[in-house]
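# Fold and contact review
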Amino acid sequence: MNARILQELDQHARRPQLAEELAAARRRFASCGFSSASFLVPPSVKEAVAEDVLAIIGKSGIRRDLRFKETGNTPRRMRNVTQAEITAHSALIPGVYQSETLVGLLAELVGEPVLACPYEPEQYVITRLERSGDTHGWHWDDYSFALVWVIECPPAEDGGFVQCVPGTTWDKANPSINRALLSNPTHSFEVLPGDLYVMRTNTTLHRVYPLSSGVRTIINMGYAAKTDLETVVSHETMDALWADSAAEKA
Ligand SMILES: O=C(O)CCC(=O)C(=O)O
Ligand SMILES: [Fe+2]
């Protein structure tokens, strides 16, 4: 079953129109640190990943209501499932994450080598916004690239769209979120169930606009650039975000 899904991913990558789609995505990504990537995978792969994500978050997940000084006390109000729990319940998701085909396509899109995240907890995480006011507030990620699969999302009228400020960097000791917001224009992107997007998350300040109603579920696959492996990366916000002690278990 999983082998067939991964084969479909490989076949999809051999479509003749792919080169043109990748070139357009690569230009968008280079100019604003964000690009839609829905064309990278076929519907069958999206459906199989969505099925596993929904089954896992239906049974597990930990509610978070936190603020981090490293990101200027912006809020995280959400339910998460950790990489370890995902790995325990899905063979497909780790298989897709490691797929040479997918990683190769991502490298073409971002214009440089893409590597598995060396810190396992940041390889893939499920996040669900499910209550009015739930949000993944302004932040940067520890590693360079995120591939986000949107599984469920309300219409943009109810929030849940993505906002980002490319060309900004994270000083964990002095995050100055408001200065980063003032330094460059903010782009807002609507996302729909079945969409994928790629972001240069370590130099693009980003957030998910607070939800007023509905449910928004994503799986975020994080990848590293070569430079990430040459620098010491600390993980305090992600460690705190996924720690059992910092959460309201539900
Ligand atoms: O939910 C999203 O679209 C973004 C998620 C995100 O920024 C993250 O998981 O770090
Ligand atoms: Fe992020």
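Residues numbered from 1 in each chain as written. Chains lettered and ligands numbered in written order. Predicted model: local features only at pLDDT ≥ 70, side-chain atom pairs only at ≥ 80, totals over all residues. Heavy atoms only, no water.

Bound to the iron ion (ligand 2) on the protein side are His139 (NE2), Asp141 (OD) and His206 (NE2), at distances that span 2.1 to 2.2 Å. For the iron ion (ligand 2), the donor residues sit on a single chain with the sequence spacing H-x1-D-x64-H. Taken together, the residues His139 in strand β6 (residues 135–139) and His206 in strand β11 (residues 204–208) connect sequence positions 67 residues apart. Among the residues examined, His139 registers a relative accessible area of 4% and is labelled buried. (Donors = N, O, S within 2.8 Å, 3.2 Å for Na, K, Ca; no water. Helix = DSSP H or I, 4+ residues; strand = E, 2+ residues; numbered from the N terminus. Buried < 20%, exposed > 50% of the residue type's maximum accessible area, 1.4 Å probe, protein only.)

What surrounds ligand 1 is the set His136, His139, Asp141, Val148, Val162, Tyr197, His206, Val208, Arg216, Ile218 and Asn220. For ligand 1, an oxygen atom lies 2.5 Å from a polar atom in the side chain of Tyr197. The separation between an oxygen atom of ligand 1 and a polar side-chain atom of Asn220 is 2.7 Å. When the free accessible area of ligand 1 is taken as 290 Å², the share hidden by the protein chains comes to 93%. Elements that contribute at least two residues to the shell around ligand 1 include exactly β6, β11 and β12 (216–224). Tallying contributions element by element places β12 first for the shell around ligand 1, with three residues. Grouping the constituent residues of the shell around ligand 1 by class yields five nonpolar, four polar and two charged. (Near = heavy atom within 4 Å. Polar contact = N/O pair within 3.5 Å; in protein donor to acceptor, adjacent residues only side chain to side chain. Areas by Shrake-Rupley, 256 points an atom, 1.4 Å probe, with all protein chains shown as cover. Nonpolar A, V, L, I, M, F, W, Y, C, P; charged D, E, K, R; others polar.)

Attention shifts here to the layout of surface pockets. Empty space within the largest pocket amounts to approximately 270 Å³. Around the largest pocket, the lining comprises 13 residues; the ones closest to its centre are Asp141, Asp142, Trp170, Asn202 and Val233. Looking at the lining of the largest pocket residue by residue, the class counts come to three nonpolar, six polar and four charged. (1 Å grid on protein atoms, 1.4 Å probe; cavity = no way out; pocket = protein on both sides within 12 Å on 5 of 7 lines; lining within 4 Å. Points joined across faces, edges and corners; volume = space filled by probe spheres on them.)

Looking at the element boundaries, His12 is found in helix α1 (residues 2–12). Of the residues examined, His12 reaches a relative accessible area of 15% and is grouped as buried. Along the chain, His12 and Leu40 lie 28 residues apart, while their C-alpha atoms are 7.7 Å from each other. When near neighbours in sequence (up to four residues on either side) are disregarded, His12 contacts Phe39, Leu40, Val41 and Pro42. A polar contact of 2.9 Å, which involves the side chain of His12, links it to the backbone oxygen of Phe39. (Contact = heavy atoms within 4.5 Å.)

If you look at the biggest cluster of nonpolar residues, it comprises 47 residues, and the most contacted ones within it are Leu147, Trp149 and Tyr223. Core analysis: the second largest hydrophobic core is formed by twelve residues, Val148, Cys164, Tyr197 and Met199 among them. (Core = buried A, V, L, I, M, F, W, Y, C linked by side-chain atoms within 4.5 Å.)

Bringing the pattern of salt bridges into the picture now. All told, the structure shown has nine salt bridges when counted by the stated rule. In this structure, the salt-bridge partner of Glu152 is Arg128, at a minimum N-O distance of 3.0 Å. Taken together, the positions of Glu152 in strand β7 (residues 145–152) and Arg128 in strand β5 (residues 124–129) put the pair 24 residues apart, joining distant regions of the chain. Here Glu152 falls in the partly exposed class, since its relative accessible area comes to 24%. The shortest N-O distance in the salt bridge between Lys172 and Asp142 comes to 2.9 Å. A residue pair is termed long-range when its members are at least 10 positions apart, and Lys172 in the loop between β8 (162–166) and α7 (177–183) and Asp142 in the loop between β6 and β7 qualify at 30 residues. (Salt bridge = Lys/Arg side-chain N within 4 Å of Asp/Glu carboxyl O.)

Take unusual backbone geometry next. At Asn73, a residue that is not glycine, the phi angle is positive and equals roughly 65°. Take Asn73: it is sitting in the loop between β2 (62–68) and β3 (74–81). In this structure, Ser176 is a non-glycine residue whose phi angle is positive, near 45°. Mapping Ser176 onto the fold places it in the loop between β8 and α7.

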